[in-house]
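Fold and geometry: a report
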Amino acid sequence: MSNSDQPIGAKRRISQNDTSRHTLDTKHARLEPEMRPPIARLGIHPLSKYRQACPQFKEPREIISFSYDETRQMRMDNHQLRYFYPPRIDPMPSLFAGFEQQICRDSTKNEHIDGLLNALAFARTKNEAVEQLNDTQADFVMYRGMLTRIFVTPFSLRDAWSMNIARVGATIYVEDNVTDEMIADRAGSSEQHRRLMYSGYKFETLCMVDEPPETLSREQLDEQIAKQAREVVNTHSEYCTVFCTQLGSHSIISGAEVDCIDRAKPHEFPNRSYRELKTSRCLDSEKARNSFERFKLLKFWAQSFIAGIPVVTVGFRDDEGRLKEVQDIRTQDMPRIVRGKPRMWEANVCMNFANQVLQFIKDNVADEGPDTQYRIEYSPEAAQVQIYSLGKRPSFLTAEYIKSLSN
């Protein structure tokens, strides 16, 4: 995630031996626990120990934003920022329309956290004020997806995860541990699964226009809406925000894809105008509603809360892919929707657990250096978060980024 007036190309790695960093490292994709025991363990249970007052959480503040264009080139600008406009559902549009024509990015390519690092390096060269430079330094640097996985773990106990870690100076960097199994799963997914994934992208195109709606006439709006209905879905394109926040005593820099914004982007706290777009099957039974609130709403809340995004717009579709209903759900209302219901999630448990995991990482990731790596994994079988020392490995940080730290 990053932007610039000129596309940013692939960056050279620190290690001379790392000649194919953007392809899957099958040899080291996953460390087998029986081969190297964990250096530290954190038990999940009992969850009651996390039922206490929420730790402090600072409102996220944007440091910089960037785009990936239609060819997946990174630009340090708002080129891909789109504007929300409610989709028309009469007649009901099909979220499967155009499935065969979609342009998909290469799911076998591991982008690591290059976009986030490139954006931070660019921010450092752009900003000379001490306060602004301080915004690019934190205890942790990671994409929002990693934080989301940690947040939801207490109520997603069957979902394993694995991340790579490196400490450079006082900052701990975290990336997804992309395994060959994950790549194979993506490549081997069924057509029905691919259609459901596509329906989310299609919903996004139906909800967005290219310019702030308040600046368009009715005729211009109708024109853009018709254009969006015909648009070929291209998953190369993204608009991303890089922001700083704090959970408890842990300062965090994170990056997240943003679906759209409600109005012309304000200079201060643009996240307050950002909006998430999601899809779900129609809630046509009590069982379906309970499942939606227990699992999907948890992830919707965590993703939006972490990035300070106030509203999630959900498109509900039937089994044939027809968009039947659109509903706005405020992020701050989500914990209240599930409060007091049996077997539901609790926001304070998620936040306290994440706070403890970050402290757990700080306490056990001691060795410093971009090519000294650790792995943190959540094992459903053990009901534990475990940290392993991997020793020397090709760094997942870019050489350009490391250089920017010393400038």
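For the structure given in this document, a descriptive report is provided here.

What counts and how
- Residues numbered from 1 in each chain as written.
- Predicted model: local features only at pLDDT ≥ 70, side-chain atom pairs only at ≥ 80, totals over all residues.
- Heavy atoms only, no water.
- Pairing = 2+ DSSP bridges.
- Helix = DSSP H or I, 4+ residues; strand = E, 2+ residues; numbered from the N terminus.
- Buried < 20%, exposed > 50% of the residue type's maximum accessible area, 1.4 Å probe, protein only.
- Polar contact = N/O pair within 3.5 Å; in protein donor to acceptor, adjacent residues only side chain to side chain.
- Contact = heavy atoms within 4.5 Å.
- Phe/Tyr/Trp six-rings, centres within 6.5 Å; stacked < 30°, edge-to-face > 60°.
- Expected span 1.5 Å × (residues − 1).
- Disulfide = S-S within 2.5 Å.

1. Quick notes on the sheet that holds strand β2 (residues 57-68)
- Read across the open sheet, the 10 strands follow the order β1-β16-β15-β6-β7-β5-β10-β9-β2-β3; overall the sheet is mixed. On the outer flanks of this sheet lie β1 (40-43) and β3 (74-75), each paired with one strand and no other.
- Here strand β6 (residues 161-168) pairs with strand β15 (residues 372-379) via 6 bridges, running antiparallel. Bridging across to β15, N164 finds its partner in R375.

2. Quick word on the side chain of R144
- Examined against the element boundaries, R144 turns out to sit in helix α3 (residues 144-152).
- For R144, a relative accessible area of 8% translates into the label buried.
- Separated by 3.2 Å, the side chain of R144 and the backbone oxygen of Q303 make a polar contact.
- The contact partners of R144, leaving out residues within four places of it in the chain, are S254, G255, A256, E257, E276, Q303, I306, A307 and I309.

3. Section: the packing of aromatic side chains
- Within this structure, the stated rule accounts for 13 aromatic pairs.
- When the ring of Y50 is compared with that of F353, the centres are 5.5 Å apart and the planes differ by 90°; the resulting orientation is edge-to-face. One end of the pair, Y50, is in the loop between β1 and β2; the other, F353, is in helix α9 (residues 347-364), with 303 residues separating them in the sequence. Here Y50 and F353 have matching classes, each one buried.

4. Observations regarding unusual backbone geometry
- The linkage connecting H45 with the following residue, P46, adopts the cis geometry, with an omega of -5°.
- Its place among the elements puts P46 in the loop between β1 and β2.
- For R72, which is not a glycine, the phi torsion comes out positive at approximately 70°.
- In this fold, R72 is placed in the loop between β2 and β3.
- Taking the relative accessible area as the measure of exposure, R72 reaches 13% and is therefore buried.
- The phi angle at A383 is positive, at roughly 55°, despite the residue not being glycine.
- Looking at the secondary structure, you find A383 in the loop between β15 and β16 (384-392).

5. Examining α9
- In this model, α9 (18 residues) spans 26 Å end to end at C-alpha, consistent with the 26 Å of a helix rising 1.5 Å per residue.
- Of all 18 residues that make up α9, 13 are buried, and the element is covered over most of its length.

6. Let's talk about the pairing of strand β5 (residues 140-143)
- Here β5 shows a buried face lined by F140 and M142 and a second buried face lined by V141 and Y143.
- Sheet analysis places β5 next to strand β7 (residues 171-176), joined by 2 bridges and oriented parallel. Across the sheet, F140 pairs through a bridge with I172, a residue of β7.
- Pairing of β5 with strand β10 (residues 250-257) involves 4 bridges; the strand directions are parallel.

7. Points about the environment of T148
- Here T148 lies in helix α3.
- Between the C-alpha atoms of T148 and K299, which are 151 residues apart in sequence, the distance is 7.2 Å.
- Other than its neighbours up to four places away in sequence, T148 contacts A302, Q303 and I306.

8. Comments concerning the pairing of β16
- Both β1 and β16 contribute to a ladder of 4 bridges, which runs antiparallel. In the sheet register, A40 faces β16, and the bridge partner there is I387.
- When β15 meets β16, the two strands line up antiparallel, connected through 8 bridges. Within the sheet, the bridge partner assigned to Q373 lies in β16 and is G391.
- Between β15 and β16, which pair antiparallel one after the other, the connecting turn spans 4 residues, and A383 there sits at a positive phi close to 55°.

9. A few points about the state of the cysteines
- All told, the structure shown has 0 disulfides when counted by the stated rule.
- Left without a disulfide partner, C350 is nearest to the cysteine sulfur of C54, which lies 9.4 Å away.

10. A short note on the side chain of R195
- You can see R195 is positioned in helix α5 (residues 191-206).
- Setting aside residues up to four positions removed in sequence, R195 forms contacts with F96, F99 and E100.

11. Points about α5
- Under the 1.5 Å per step criterion, the end-to-end length of α5 is 22 Å for 16 residues, consistent within 8% with the ideal 22 Å.
- Among all positions in α5, only R195, Y198, S199, G200, K202, F203, E204, T205 and L206 are buried.

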